[in-house]
Amino acid sequence: MKDINDVILPDDIHYAESHEWAKSEGDHVKVGISDYAQDQLGDIVFVEMPDAGETFEKGAEFGTVESVKAVSELYMPVAGEIVAVNSALEDSPELINSRPYSDGWMIEVKPQNPADLDDLMTKDAYLTSLKG
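As the structure is a computational prediction, the values presented were derived from the model and not from experiment. (Residues numbered from 1 in each chain as written. Predicted model: local features only at pLDDT ≥ 70, side-chain atom pairs only at ≥ 80, totals over all residues. Heavy atoms only, no water.)

Asker: I would appreciate a short explanation of the pairing of strand β8 (residues 80-85) in the present structure.
Answerer: Two faces belong to every sheet, and in a regular strand the side chains alternate between them. Relative to β8, strand β5 (residues 55-56) runs antiparallel, the two sharing 2 bridges. Bridging across to β8, Phe 56 finds its partner in Gly 80. (Pairing = 2+ DSSP bridges. Helix = DSSP H or I, 4+ residues; strand = E, 2+ residues; numbered from the N terminus.)

Given below as structure tokens:
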């Protein structure tokens, strides 16, 4: 596992306590799991995600990620409608391990309330929470 100071945490991304990240892209929000989360899980072998068109409340479970170590639930960092799902993860779930903030994104959401992002942590706040 990585040292906490080696975890990659981009500045332009918001983080949830449950280790999902959310990045505003126009009127949509891309969602995935943080570098810290993928590192803790180990080699990811399967991802179960919702279908485009489904709607979830903030904090609701939207899927699961399975690694060689465990199965973990995925939670919505913002409320909204799923407008896209990263289908590349069906055949290559390891993209989450190698590129969690680019090719390893999971879903794209049209948020019900864009201000939900303001309730999430900044990079510095998330790093502080990880250090305990």
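Asker: What is the right way to read the side chain of Asp 116 from this model?
Answerer: Examined against the element boundaries, Asp 116 turns out to sit in the loop between β9 (107-111) and α4 (123-131). One buried charged side chain, Asp 116, makes no salt bridge at all; its nearest oppositely charged neighbour is Lys 58, positioned 4.4 Å away. At a separation of 3.1 Å, a polar atom in the side chain of Asp 116 contacts the main-chain amide nitrogen of Ala 79. Discounting chain neighbours no more than four positions away, the residues touching Asp 116 are Lys 58, Val 78 and Ala 79. (Buried < 20%, exposed > 50% of the residue type's maximum accessible area, 1.4 Å probe, protein only. Lys, Arg positive; Asp, Glu negative; His and termini not counted. Salt bridge = Lys/Arg side-chain N within 4 Å of Asp/Glu carboxyl O. Polar contact = N/O pair within 3.5 Å; in protein donor to acceptor, adjacent residues only side chain to side chain. Contact = heavy atoms within 4.5 Å.)

Asker: Help me understand the layout of surface pockets in this model?
Answerer: Empty space left among the atoms is revealed by rolling a probe the size of a water molecule over them. Approximately 150 Å³ is the volume found for the largest pocket. Ser 18, His 19, Ala 37, Leu 41 and Ser 72 are the residues nearest the centre of the largest pocket, which is lined by 13 residues in total. For the lining of the largest pocket, the elements supplying multiple residues, two or more each, are α1 (35-41) and β7 (71-75). When grouped by side-chain class, the residues that make up the lining of the largest pocket number 7 nonpolar, 4 polar and 2 charged. (1 Å grid on protein atoms, 1.4 Å probe; cavity = no way out; pocket = protein on both sides within 12 Å on 5 of 7 lines; lining within 4 Å. Points joined across faces, edges and corners; volume = space filled by probe spheres on them. Nonpolar A, V, L, I, M, F, W, Y, C, P; charged D, E, K, R; others polar.)

Asker: What exactly am I supposed to notice about the environment of Gly 42 here?
Answerer: Examined against the element boundaries, Gly 42 turns out to sit in the loop between α1 and β4 (44-48). Given the relative accessible area of 18%, Gly 42 is considered buried. As a C-alpha pair, Gly 42 and Ala 70 span 28 residues in sequence and 8.8 Å in three-dimensional space. With near-sequence residues (within four places) excluded, Gly 42 lies in contact with Ser 67 and Asn 97.

Asker: So what exactly am I meant to see when it comes to the sheet that holds β9 here?
Answerer: What holds strands together in a sheet is hydrogen bonding between their backbones, with the strands either parallel or antiparallel. Here 6 strands make up an open sheet; going across it, the order is β1-β2-β3-β9-β8-β5 and the pairing antiparallel. On the outer flanks of this sheet lie β1 (14-15) and β5, each paired with one strand and no other.

Asker: Looking at this structure, I do not really get the nonpolar core. What am I missing?
Answerer: Judged by nonpolar contacts, the single largest core of 25 residues is most densely connected at Ile 33, Ile 96, Met 106 and Ile 107. Breaking this core down by element, the ones donating at least two residues are β3 (28-33), α1, β4, β6 (61-67), α3 (95-98) and β9. Per-element accounting of this core gives the leading share, 3 residues, to β3. Apart from the residues within four sequence positions on either side, Ile 33 is in contact with His 19, Glu 20, Trp 21, Gln 38, Leu 41, Ile 44, Leu 74, Ile 96, Pro 100 and Met 106. Ranked by size, the runner-up nonpolar core spans 12 residues in total, among them Val 7, Tyr 15, Tyr 36 and Leu 127. (Core = buried A, V, L, I, M, F, W, Y, C linked by side-chain atoms within 4.5 Å.)

Asker: What is the right way to look at the side chain of Gln 38 in this model?
Answerer: Within the secondary structure, Gln 38 is located in helix α1. A residue is classified by how much of its surface remains accessible, and Gln 38, at 6% relative accessible area, is buried. At 2.7 Å, the side chain of Gln 38 and the side chain of Asp 35 are in polar contact. When near neighbours in sequence (up to four residues on either side) are disregarded, Gln 38 contacts Lys 2, Ile 33, Ile 44, Ile 96, Asn 97 and Pro 100.

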